[in-house]
Amino acid sequence: MRKNSVKSSRINGEVLKEMSLILRDELKDPRIHPMTSVTDVSVTTDLKYATVYVSVMGDEQAKKETMIGLKKSAPYARHLLATRLNLRNTPELIYKLDESMEYGAAMSKRIDEVRSHDEEVSRMRGDSIDEESDGNDDTES
């Protein structure tokens, strides 16, 4: 089975869906933060391992506790996954923290700060950002 084949994509999608449900409904470990979600899953081509990327909305302590809780509950989650999916091998679950959502939110905040700063500077100069041209006018003189 190739890495980017239709079968591989379908298996990744099914494992993602089931792991999201398992995380939301079945895992009752108090260390797992309630704002935890599965963002992506990557199953190896031999179906031996599945890397589960999780996002935790909380502080560093909540992220650390959630990762500990997920790693401790991995065998139980694997058992639940085996009962829900009919695969030749049920992959061993490897959890990794996905901080891309926090990174995206921080970048969006920075962009908004720069945009508001540009608007403030523009107001101080007495012109508008929308009125500025880039010098590439297509109108004929």
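Presented here is a report on the structure given in the accompanying data block.

**Looking at the overall build of the protein chain**
Right, on to step 1. Helix and strand counts for the protein chain come out as 4 helices and 3 strands.
Right, on to step 2. Order of helices (α) and strands (β) in the protein chain, N terminus to C terminus: α-β-β-α-α-β-α.
Right, on to step 3. Across the 141 residues of the protein chain, 28% fall into the buried class.
Right, on to step 4. Of the contacts made within the protein chain by residues no fewer than 6 positions apart, 61% connect residues no fewer than 24 positions apart.
Right, on to step 5. Entry remark: accessible area of the protein chain is about 10,100 Å², with carbon and sulfur atoms responsible for 49%.

**Things to note about the sheet that holds strand β2 (residues 49–56)**
By definition, the strands of a sheet pair up through backbone hydrogen bonds, in either a parallel or an antiparallel sense.
Right, on to step 1. Here 3 strands make up an open sheet; going across it, the order is β1-β2-β3 and the pairing mixed. A strand with exactly one partner marks an edge of an open sheet, and here the two such strands are β1 (36–43) and β3 (92–97). The mean angle between the axes of side-by-side strands here comes to 30°, regardless of whether they run parallel or antiparallel.
Right, on to step 2. The sheet contact formed by β2 and β3 spans 6 bridges and is parallel. For Y49, the partnering residue across the bridge sits in β3 and is E92.
Right, on to step 3. Against the sheet, helix α2 (residues 60–72) engages β1, β2 and β3, with an angle of about 175° to β3.

**Regarding the side chain of E18**
Right, on to step 1. Position of E18 relative to the elements: it lies in helix α1 (residues 6–26).
Right, on to step 2. A residue is classified by how much of its surface remains accessible, and E18, at 11% relative accessible area, is buried.
Right, on to step 3. Once residues lying within four places of it in the same chain are set aside, the contact partners of E18 are L81, R84 and L85.

**Looking at a nonpolar patch on the surface**
Right, on to step 1. Together, M35, M57 and M101 make up a nonpolar patch on the protein surface, roughly 290 Å² of accessible area in all.
Right, on to step 2. Assignment of secondary structure puts M57 in the loop between β2 and α2.
Right, on to step 3. The class of M57 is partly exposed, set by a relative accessible area of 36%.

**Section: the pattern of salt bridges**
Right, on to step 1. Applying the stated criterion to the full structure yields 7 salt bridges.
Right, on to step 2. For E60, the salt bridge identified is with K63, shortest N-O distance 3.8 Å. Separated by 3 residues within a single helix, E60 and K63 lie in helix α2, roughly one turn from each other.
Right, on to step 3. Among the salt bridges present, the one from E102 reaches K63, with a minimum N-O distance of 3.9 Å. Taken together, the residues E102 in helix α4 (residues 100–125) and K63 in helix α2 connect sequence positions 39 residues apart.
Right, on to step 4. When salt bridges that share partners are traced, they join E18, E26 and R84 into one network.

Parameters at a glance
Residue positions are given per chain, counting from 1 as you read along its sequence in written order. Given that the model is predicted, a residue must reach a pLDDT of at least 70 before its local features are reported, and side-chain atom pairs must reach 80 or more before they are shown or counted; all residues, however, enter totals for whole chains, interfaces and linings. Side-chain metrics in this entry use all non-hydrogen atoms of the structure; hydrogen atoms and water are not considered. Strands here are runs of E lasting at least two residues and helices are runs of H or I lasting at least four, both read from the DSSP assignment and numbered beginning at the N terminus. Remark: exposure states derive from per-residue accessible area (1.4 Å probe, protein chains only) relative to the maximum for the residue type, with buried under 20%, exposed over 50%, and partly exposed in between. Two residues qualify as a contact provided that any one of their heavy atoms is within 4.5 Å of a heavy atom in the partner residue. Only the protein chains shown count as cover for residues, and the accessible areas themselves come from Shrake-Rupley with a 1.4 Å probe. A pair of strands counts as paired when DSSP detects no fewer than two bridges linking them. For every element, the axis is a line fit to its C-alpha atoms; helices are fit only across the contacting stretch, and the angle between N-to-C directions ranges from 0 to 180 degrees. Here a patch means residues that are over 30% exposed by relative accessible area and free of salt bridges, tied together within 9 Å if like-charged and within 5 Å if nonpolar (Val, Leu, Ile, Met, Phe, Trp, Tyr). Any Lys or Arg side-chain nitrogen located within 4 Å of an Asp or Glu carboxyl oxygen qualifies as a salt bridge.

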